[in-house]
Amino acid sequence: MNRGPTLRKAWAWWWGILLAFMLIAGMRLVLPLPFVNEILIFSIYAIGCSFLLGKVGFISFGQPAYLAVGAYATAFYLFYFGTNPYIGILWGLAAGCAAALLVGPLFVRLRSDYFALVNLALAVIVFYLMQKVLAPITKGDNGLWFLTNMTSTPVLDITQPQQFFIFAFLVGLVVWAFYKYLDDTIFGACCLATKINEDKLQFLGYSNFRIRLAAFVIANTTTALAGSLYAVYLGAVSPEITAPSRTADPVIVILLGGVGTLYGPIVGSVAYTGMKDVISKLIGNWEMVIGPLLVIIMLAGEKGIWGTLEPWLKNVLFRRRNTAADDRDEAR
Amino acid sequence: MDTSLLFSGFIFGLSIGSIYFLMAIGLSLCFGLMRVISLDQLLYYSVGAYIAYSVSLATGSFGLGLIAAVAVGGVVSLAIERMVFRRIYERDLTFSMITSFGVLLGGVGVIKFFWGLVPRPVPLPFSAQVDLLGTDVPAYRLLVVAVAAAVYIGIWLFLNRTVTGKAIRAGIESVEHVEGLGINVARLFTTTFVIAGTLSALAGALHAPLIMVDPHMGLEVLAFVFMVVIIGGLGSIKGTLVSAFIVGQVVSIGSLIYAPLAQVAPFVIMLLILLVKPTGLYGSALLKK
């Protein structure tokens, strides 16, 4: 009552994101640091893919290509030219954006199934480029090691894992706020429309091509950002990050979490990284569990962990609120 | 360049192309008739290779291994079809792609469980060299090409001369009409899927002596097989044959010119073809019903 309506609105807008990131910060206290850092980077990696699949209807088996572009752009800068990791990350972002702009106009014309396969092919091209063709620059399978090249930065020294966590945390917060903002804009609505009924969108005077291109560039720049973060965090980059056997990682993560939901990528990353960790410790054979799990999730209605939990949580937490709002959210 | 080197490169390309063709034909049929993208074909390929390895190790006969591989491939694909695919024919392509990837991943886990992570070598059944136009060519590679040719002729006869085959071809045009004629579409789908799985297993068993058998072998050829399917156009047998030939030659001749080219060049060609013709060489603009 005493809070102003704008403040309350702002709170209603932010509380989900803040709660999610408070939980991640909480995990920092109980779980080992590398694990939490991995989760943060992986969620940023997965949200681009989630956006493409859930909101635009493009499934991409080639996300590692853009991850590698970002990682290698950062690595080249830190290995050959400079020492400041922040500038390295900016280079990664720029390279990711440029790569997406370069291939985007060709790719978004394709049908969804061909789009997936062409992206897969791109990931393999990038893999062999980095492993063999550009070996004199990328050092092939050995990868680029530049951990000692990076100098400490004044305010937030991201060469230290503890402070890197704070940085990745803040970046994640910004990325999530950005994607939540996108959902609310007309552009977000258009993305959804091009997935559901492209003819109608065209009839309304929008260009499907432009909307898809913009979404493609946004999603893959985010993925490249995750690549840069990986590079800075590990202090090394090798072609392994875009290996053909890892192309489906982000797809699995977002399916585990729930496609197109805002928090699905985080939940999926926690579940996937955690399961991989636990299972490979127990039986050293994580595929045997993840594979059937993926099939079961798909057959059970492809909602994923978060997609199933979200309506239930809402019911439990806000039973007193009017159910109309709930139904509307669920229908979404 | 040395002509004999070029010729043996050509034969090498033909044999690689034959393997890709055997796998791609199944994918293409599945897409054409059922409108699913069945990534689990790569699982039957690995299963075929492993069964061929185990049986030929136990009995000492590669021929028996080949037969066992094909049989097991057929049984596994039948089981997967009944358990998983039966439920997802109605869904869109993306759905089947992800689900079948789950099947593939689970299958890789099972293979790891039974055979372990270590790559296994499969001995060549016969290491004779045949003198062809003055060049020594490994006889086994010629056998692979011959098998692929026989399969192509067999599939052609099956699709053009038998009732089931004609029903499959009609189904590629319109499933509703086939159903309207009183043909059991569910059984037709099962038949097609098992044929696809069997051919993939055959491809794996034939490929096994030429490479090392390891759990991730399916994922390694994944990109190439899909490239063959995309270049040829999803759902077209003739296109698959042509593009398997092209890809095989590009891989083989390309590696003679400059080794790293072998892996990258086919992808570049695929991108170029898709730019000119987004549905592949012989693909029709068929969409999901």
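Residues numbered from 1 in each chain as written. Chains lettered and ligands numbered in written order. Predicted model: local features only at pLDDT ≥ 70, side-chain atom pairs only at ≥ 80, totals over all residues.

Asker: What am I meant to see in the overall build of chain B here?
Answerer: Of the regular secondary structure elements, chain B holds eleven helices and four strands. For 289 residues, the compact-globule estimate of 2.2 N^0.38 gives 19 Å, and the C-alpha radius of gyration of chain B, at 19 Å, lies within 12% of that figure. Reported as C-alpha extents along the three principal axes, the dimensions of chain B are approximately 60 × 45 × 35 Å. Looking at the 289 residues of chain B, the share that counts as buried comes to 53%. The long-range share in chain B, meaning contacts at least 24 apart out of those at least 6 apart in sequence, stands at 76%. (Helix = DSSP H or I, 4+ residues; strand = E, 2+ residues; numbered from the N terminus. Rg over C-alpha atoms; globule rule 2.2 N^0.38 Å. Buried ≥ 20, exposed ≤ 12 C-beta atoms within 10 Å, placed from the backbone. Contact = placed C-beta atoms within 7 Å.)

Asker: Hey, could you run me through the overall build of chain A in this one?
Answerer: Secondary structure summary: chain A contains 15 helices and two strands in total. Expected size for 332 residues packed as a compact globule is a radius of gyration near 20 Å; at 20 Å, chain A falls within 12% of this value. Its C-alpha atoms give chain A principal-axis dimensions of about 60 × 50 × 45 Å. Across the 332 residues of chain A, 46% fall into the buried class. Considering only contacts within chain A whose residues lie at least 6 apart along the sequence, 77% involve residues at least 24 apart.

Asker: Would you explain the environment of Tyr89 of chain B in this entry?
Answerer: All names here are of chain B. Within the secondary structure, Tyr89 sits in the loop between α3 (62–88) and α4 (93–115). In sequence terms Tyr89 and Gly32 are 57 residues apart; their C-alpha atoms lie 12 Å from each other. Those residues within four positions of Tyr89 in sequence are excluded, and the remaining contacts are Met34, Val36 and Phe189.

Asker: What's the story with the pairing of strand β2 (residues 129–132) of chain B in this structure? I'm lost.
Answerer: Each regular strand displays side chains that alternate between the two surfaces of the sheet. All names here are of chain B. With four bridges connecting them, β2 and strand β3 (residues 135–138) associate as antiparallel partners. Residue Leu132 lies in a different strand from β3, and its bridge partner there is Thr135. A loop of two residues connects β2 with β3, the two strands running antiparallel in sequence, and Leu133 in this loop sits at a positive phi of about 50°. (Pairing = 2+ DSSP bridges.)

Asker: For this particular structure, what's the right way to read the interface of chain A and chain B?
Answerer: Many authors give the size of an interface as the accessible area that is lost as the parts come together. Across the boundary between the two partners, chain A contributes 33 residues, which contact 36 residues of chain B. Broken down by secondary-structure element, the contributors of at least two residues to the side of chain A that touches chain B are α5 (112–133), α11 (249–257) and α13 (287–299) of chain A. By residue number, the principal contributor to the side of chain A that touches chain B is α5 of chain A, which donates 14 residues. Taken together, the residues that form the side of chain A that touches chain B break down as 25 nonpolar, four polar and four charged. (Nonpolar A, V, L, I, M, F, W, Y, C, P; charged D, E, K, R; others polar.)

Asker: Before we go on, may I ask you to explain the environment of Asn208 of chain A in this structure?
Answerer: Residues and elements named next belong to chain A. On the secondary structure map, Asn208 appears in helix α10 (residues 208–234). The partly exposed category is assigned to Asn208, around which 16 C-beta atoms lie within 10 Å. Sequence separation between Asn208 and Cys191 is 17 residues; the distance between their C-alpha atoms is 8.5 Å. Apart from the residues within four sequence positions on either side, Asn208 is in contact with Thr194, Glu198, Leu201 and Gln202.

Asker: Help me understand the confidence of the model for chain B in this model?
Answerer: Predicted coordinates in areas of low pLDDT are best not read in detail. Summing up the model confidence of chain B, the mean pLDDT is 82 and the portion of residues at 70 or higher is 97%. The secondary structure element of chain B with the lowest average pLDDT is β2 of chain B, at 73, and the one with the highest is helix α8 (residues 185–207) of chain B, at 89. (pLDDT = per-residue confidence, 0-100.)

Asker: What is the right way to read the packing of helix α4 (residues 85–107) of chain A against α10 of chain A from this model?
Answerer: Helices that pack against each other are described as a pair by the angle of their axes relative to one another and the distance between those axes. All names here are of chain A. At a minimum axis separation of 8 Å, α4 and α10 run at an interaxial angle of 145°. For the element pair α4 and α10, the recorded crossing hand is right-handed. Among the residues making up the contact of α4 with α10, the classes are represented as 16 nonpolar, nine polar and no charged. (Axes fitted to C-alpha atoms, helices over the stretch in contact; angles between N-to-C directions. Left-handed = near helix turned anticlockwise from the far one by under 90°.)

Asker: For this particular structure, what's the right way to read helix α7 (residues 161–184) of chain A?
Answerer: What sets the pattern is the α-helix's 3.6 residues per turn: residues three or four places apart point alike. With 24 residues, α7 of chain A extends 34 Å between its outermost C-alpha atoms, agreeing within 8% with the 34 Å of an ideal straight helix rising 1.5 Å per residue. All of the buried residues in α7 of chain A are Phe164, Phe165, Phe167, Ala168, Gly172, Trp176 and Tyr179 of chain A. (Expected span 1.5 Å × (residues − 1).)

Asker: I keep staring at the environment of Leu262 of chain A and nothing clicks. Help me out?
Answerer: Residues and elements named next belong to chain A. One can find Leu262 in the loop between α11 and α12 (264–282). In sequence terms Leu262 and Phe21 are 241 residues apart; their C-alpha atoms lie 13 Å from each other. Not counting residues up to four positions away in its chain, the partners in contact with Leu262 are Tyr179 and Lys180.

Asker: Before we go on, may I ask you to explain the packing of α5 of chain A against helix α9 (residues 217–232) of chain B in this structure?
Answerer: One way to put it is that α5 of chain A packs onto α9 of chain B with a least axis distance of 10 Å and a crossing angle of 135°. Looking at the two axes, α5 of chain A sits oblique to α9 of chain B. For α5 of chain A against α9 of chain B, the interelement crossing comes out left-handed. Contacts between α5 of chain A and α9 of chain B involve Tyr114, Leu117, Leu120, Ala121 and Val124 of chain A from the first element and Ala223, Phe226, Met227 and Ile230 of chain B from the second. The class makeup of the residues in the contact of α5 of chain A with α9 of chain B is nine nonpolar, no polar and no charged. (Parallel < 35°, antiparallel > 145°, perpendicular 65-115°, else oblique.)

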